[in-house]
2 protein chains.
Amino acid sequence: MSDSVKLDAKAKAAETKKRFLDVWPTLEGQLVDVLKSHGMPEDATEWFRNNLSYNTPHGKLNRGISVVDTFEILQGRPLSSEEFFKASVLGWCVELLQAYFLVADDMMDASVTRRGQPCWYRVERVGNIAINDSFMLEAAIYHLLKVHFRNEPSYVYILELFLETTLKTEIGQLIDLITAPEDEIDLSKFSLKKHQQIVIYKTAYYSFYLPVALGMRYAGIYSDEAYATALSILIPIGEYFQVQDDYLDCYGTPEQIGKVGTDILDNKCSWNVNIALQKANEKQRKVLDEHYGRKDAASEARVKEIFNELQIDALYKEYEQNTYEKLNKLIDAIPESTAPAQQYATSGNVSFSLL
Amino acid sequence: MSDSVKLDAKAKAAETKKRFLDVWPTLEGQLVDVLKSHGMPEDATEWFRNNLSYNTPHGKLNRGISVVDTFEILQGRPLSSEEFFKASVLGWCVELLQAYFLVADDMMDASVTRRGQPCWYRVERVGNIAINDSFMLEAAIYHLLKVHFRNEPSYVYILELFLETTLKTEIGQLIDLITAPEDEIDLSKFSLKKHQQIVIYKTAYYSFYLPVALGMRYAGIYSDEAYATALSILIPIGEYFQVQDDYLDCYGTPEQIGKVGTDILDNKCSWNVNIALQKANEKQRKVLDEHYGRKDAASEARVKEIFNELQIDALYKEYEQNTYEKLNKLIDAIPESTAPAQQYATSGNVSFSLL
Ligand SMILES: [Mg+2]
Ligand SMILES: [Mg+2]
Ligand SMILES: [Mg+2]
Ligand SMILES: [Mg+2]
Ligand SMILES: [Mg+2]
Ligand SMILES: [Mg+2]
């Protein structure tokens, strides 16, 4: 891309993000109105409003915006305001799904902050009520879908996409939770295969496949093959994204990743440690067993030494190069008969570059 | 009813319960197979199996069986085995919905036991993973509905019934949680109106309306009026049921209620305390403010004294008589034009006597 095309793309992305954000207050209002219309006490309606506004719109919003981008690419023309609004409703439903998962994940991980603010369950008076609040974030999805999509031919498919993706994500969360509990370190439970399963189920389906598939559904694409093709590209993209995230947790600068990485301290089943376990000799393995997932900086440093000895850095560069080539091949190999072929690739790229 | 008719009804109920229970292992197997078919590690599939079997089939099953009864009454003839099976799938989905709510409710209430066994989150190694486990109990509903109802004309209505009831129950749970937190006693937040809202939203919709509405949907009833009529009877029945439950928590024998009541100790926004607050003079109110919701037997005894002074017992008997008459009038008033009128009344009665 030339510099001016890049600049245009950047300006358009910023404009889309602004318009997407502008949709949120309307949806928040419609959700709070459910409680009002049922005559609920004001402390309850205000609680729900805080739950929604604290947990939903403060992320990067890439997943939500990806629905809008996919839908626009598939239409092949600028969207009308009504189309933009409705695609944004689907996008905000993805953001609500993520909010639902994150509120709960933070409780299960005993995390302290999220998106630069205290985790919701740590806010005064919230505590374990956050469990029910996470439920309500999920239920909000289906209320919005009913209000805005009840009369669309894609309605039942959209419901199923959300419901099935939810189960897949929860399966991924389950393997993650029982493979890498923070208080029971057992590296023999780790493997690259499990890492891949966790990544695909816990992250890739809802972050990469779901937004594109929603855009396709709303655009009226019915061919099973089209969804299979989208899946076959978007899941590996999601996997690549997570491997990069894992890698940067250890090797990225705080400026790059917006935080200080804690995967080693937190006993995370990350790509780095799984590669290390695969390559380690007996002595190195012993160090990993003794120091991985311990809550002290000295242990963390010992693990990083082993990572450096094993050249995780170089292995990641190799993985990145291979994956880049593999993904491009996958995109090139989309059968011309799979209409509209070029679009998936592009939607794939949208996610690829955005997330 | 004559004694022999009563006996027949009892034998039939026992038979239905047995057949309903016999459906569960098939459904549990289908759910566990989802994880197996995705190649999940065995510790994850076994975890999910334990989650399902520990939390789903050990209740009274009245809600689930009520779907089968309603459907059979509406058919007006004995069900084929396929019909019985499919109505039971809906019934088990109601039981899964309840399991989802209860696993989470026990965490939010810091409860110790449920149905005579430790609460799921208190089982060894479970802890906060129970949050994700509750999510998976909910997701199980939509998997079973897709497998067994995807091709039924009622599919989308059934999905919506579950989704909307879920939101209503969570709204009820929210008001309950913020009105009566265990650690922040403030009786000025209580009122009979709030009690009614909590009861209707937290319990009546999913326990009374949902099973009957599901039976009606599966039976192919489409008239909005029919559902409005069912609602207008089943919600007051649910309310009555909960008032009775609240009353017995204080005045029932342990044999009657299968446990020792703890509503006073737990700062519950129960019918008894709301009536007491309405009737209490200044002195009595002061005792309630000082002793309600405190975790000691002496305070509990002081509250019970006030309840006795105010004759909650007699007031309940009066409420019960009035409600019985009101409900019968509601049932009698079902317009003949609302086909099939008699059936709602009967389904109502089914719930009335069973739950
Ligand atoms: Mg986390
Ligand atoms: Mg986590
Ligand atoms: Mg990370
Ligand atoms: Mg409870
Ligand atoms: Mg509770
Ligand atoms: Mg009770």
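Structure shown above.
Predicted model, so just to flag it, every value in this text is computed and none were measured. (Residues numbered from 1 in each chain as written. Chains lettered and ligands numbered in written order. Predicted model: local features only at pLDDT ≥ 70, side-chain atom pairs only at ≥ 80, totals over all residues. Heavy atoms only, no water.)

Draft legend 1. Fine view of the overall build of chain A. Each helix and strand counted, chain A has 14 helices and two strands in total. Over its C-alpha trace chain A gives a radius of gyration of 21 Å, about what one expects of a compact globule, namely 20 Å for 355 residues. With the C-alpha coordinates of chain A rotated into their principal frame, the extents come out at 65 × 55 × 40 Å. Taking all 355 residues of chain A together, the buried fraction comes to 57%. The contacts in chain A between residues at least 6 apart in sequence include a share of 75% that link residues at least 24 apart. Accessible area for chain A stands at about 15,100 Å²; split by element, carbon and sulfur atoms hold 51% of it. Here chain A contributes 37 positively and 51 negatively charged side chains, and the mean placements of these two sets differ by 0 Å. (Helix = DSSP H or I, 4+ residues; strand = E, 2+ residues; numbered from the N terminus. Rg over C-alpha atoms; globule rule 2.2 N^0.38 Å. Buried < 20%, exposed > 50% of the residue type's maximum accessible area, 1.4 Å probe, protein only. Contact = heavy atoms within 4.5 Å. Areas by Shrake-Rupley, 256 points an atom, 1.4 Å probe, with all protein chains shown as cover. Lys, Arg positive; Asp, Glu negative; His and termini not counted. Charge placed at Lys NZ, Arg CZ, Asp CG, Glu CD.)

Draft legend 2. Here's a closer look at the interface of chain A and chain B. At the interface, 50 residues of chain A touch 50 residues of chain B. Across the chain A to chain B interface the summed buried area is about 4,700 Å²; carbon plus sulfur atoms make up 69%. Summed over the shared surface of chain A and chain B, the result is six salt bridges. Our count for the chain A to chain B interface comes out at 16 residue pairs in polar contact (both at pLDDT 80 or more). Elements supplying a minimum of two residues to the side of chain A that touches chain B: α1 (3–37), α2 (42–55), α4 (81–108), α5 (129–149), α6 (155–179) and α7 (192–218) of chain A. Residues of the side of chain A that touches chain B, tallied by class, amount to 28 nonpolar, eight polar and 14 charged. (Buried area = accessible area lost by both parts, 1.4 Å probe. Salt bridge = Lys/Arg side-chain N within 4 Å of Asp/Glu carboxyl O. Polar contact = N/O pair within 3.5 Å; in protein donor to acceptor, adjacent residues only side chain to side chain. Nonpolar A, V, L, I, M, F, W, Y, C, P; charged D, E, K, R; others polar.)

Draft legend 3. Representation of the coordination of the magnesium ion (ligand 1) within the structure. All names here are of chain A. Every protein donor of the magnesium ion (ligand 1) is accounted for by Asp-105 (OD) and Asp-109 (OD), and the metal-donor separations fall at 1.9 to 2.0 Å. Taken as a pair, the magnesium ion (ligand 1) and the magnesium ion (ligand 2) show a spacing of 3.2 Å, with Asp-105 coordinating each metal. Asp-105 gets classed as buried once you look at its relative accessible area, which sits at 12%. (Donors = N, O, S within 2.8 Å, 3.2 Å for Na, K, Ca; no water.)

Draft legend 4. Spatial organisation of the coordination of the magnesium ion (ligand 5). Donor atoms from the polypeptide that bind the magnesium ion (ligand 5) are Asp-105 of chain B (OD), Asp-109 of chain B (OD) and Asp-109 of chain B (OD), placed at 2.1 to 2.8 Å. The distance between the magnesium ion (ligand 5) and the magnesium ion (ligand 4) comes to 3.3 Å, and Asp-105 of chain B binds to both of them.

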